[in-house]
Amino acid sequence: IMRSAYFNRLLGRTAIAYSCRSKFFLLTDWYDGNTLQHNHSHHKLLAIPFNIRFLMMLDIVRDVAILHRHQLIHGDIKAENVLLDGEHARLIDLDG
């Protein structure tokens, strides 16, 4: 049974957060991208222009800063938890 639900713009995306049976769930928009680990070898990443890679890194830093501002800790930041969405990176798997 869902005890409480609320909508939020956490990490710059629409999200529905709810708790059920002492567990917390966060549902976000769907992104049709690959993870940093899934489809990007070191060679492919270096082919992305430096300024785009830098902006992707800033996207992740911003996501972490927003989580920390809300007293949330990701706890599992790694290549498979970073989704590449065009020229942007999104931090995923927020259940840390």
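A short tour of the structure in this document, coming up. For every chain, the first residue of its written sequence is number 1, and the numbers climb from 1 along that sequence. Only residues with pLDDT of at least 70 get local features here, since the model is predicted, and only at 80 or more are side-chain atom pairs given and counted; chain-wide, interface and lining totals rely on the full set of residues. In computing side-chain values, all of the structure's heavy atoms are included and hydrogens and water are not.

Notes on helix α2 (residues 50-69)
Right, on to step 1. Between the first and last C-alpha of α2 there are 28 Å, a value that for 20 residues agrees with the 28 Å anticipated at 1.5 Å per step.
Right, on to step 2. Here the term buried applies to any residue with accessible area under 20% of the maximum for its type, exposed to any over 50%, and partly exposed to those in between, with areas from a 1.4 Å probe on protein chains only. Secondary structure counts use DSSP, requiring at least four H or I residues in a row for a helix and at least two E residues in a row for a strand, with both numbered from the N terminus. The complete set of buried residues in α2 reads Ile52, Met56, Asp59, Ile60, Asp63, Val64, Ile66 and Leu67. Buried residues of α2 fall within an arc of 165° about the axis and therefore sit on the same side. Facing away from the buried side of α2 by over 90 degrees, the exposed positions are Phe50 and Arg69.
Right, on to step 3. Any pair of residues with heavy atoms lying within 4.5 Å of one another is described as a contacting pair. In this structure, the buried residues of α2 make contact with β5 (82-85) and β6 (88-91).
Right, on to step 4. Downstream of α2 by one or two residues, Gln71 has phi in the positive range, about 55°. What a helix should span is 1.5 Å times the count of its residues minus one. It is the directions from the helix axis to the C-beta atoms that the arc portrays.

Describing the pattern of salt bridges
Right, on to step 1. Basic side-chain nitrogens of Lys or Arg form a salt bridge, by our definition, when they fall within 4 Å of a carboxyl oxygen of Asp or Glu. Applying the stated criterion across every chain, the model contains 4 salt bridges.
Right, on to step 2. When the shortest N-O distance is used, the salt bridge between Arg62 and Asp59 registers 3.4 Å. You can see Arg62 and its partner Asp59 sitting in helix α2, 3 residues apart, about one turn around the helix.
Right, on to step 3. Classification of Arg62 by relative accessible area gives partly exposed; the value is 46%.
Right, on to step 4. Relative accessible area serves as the criterion here: at 14%, Asp59 is assigned to the buried category.
Right, on to step 5. One salt bridge in this structure joins Asp85 and Arg90, with 3.6 Å as the shortest N-O distance.
Right, on to step 6. Look at Asp85 and you get partly exposed, because its relative accessible area is 23%.
Right, on to step 7. A single network of salt bridges, built from pairs that share partners, joins Asp76, Lys78 and Glu80.

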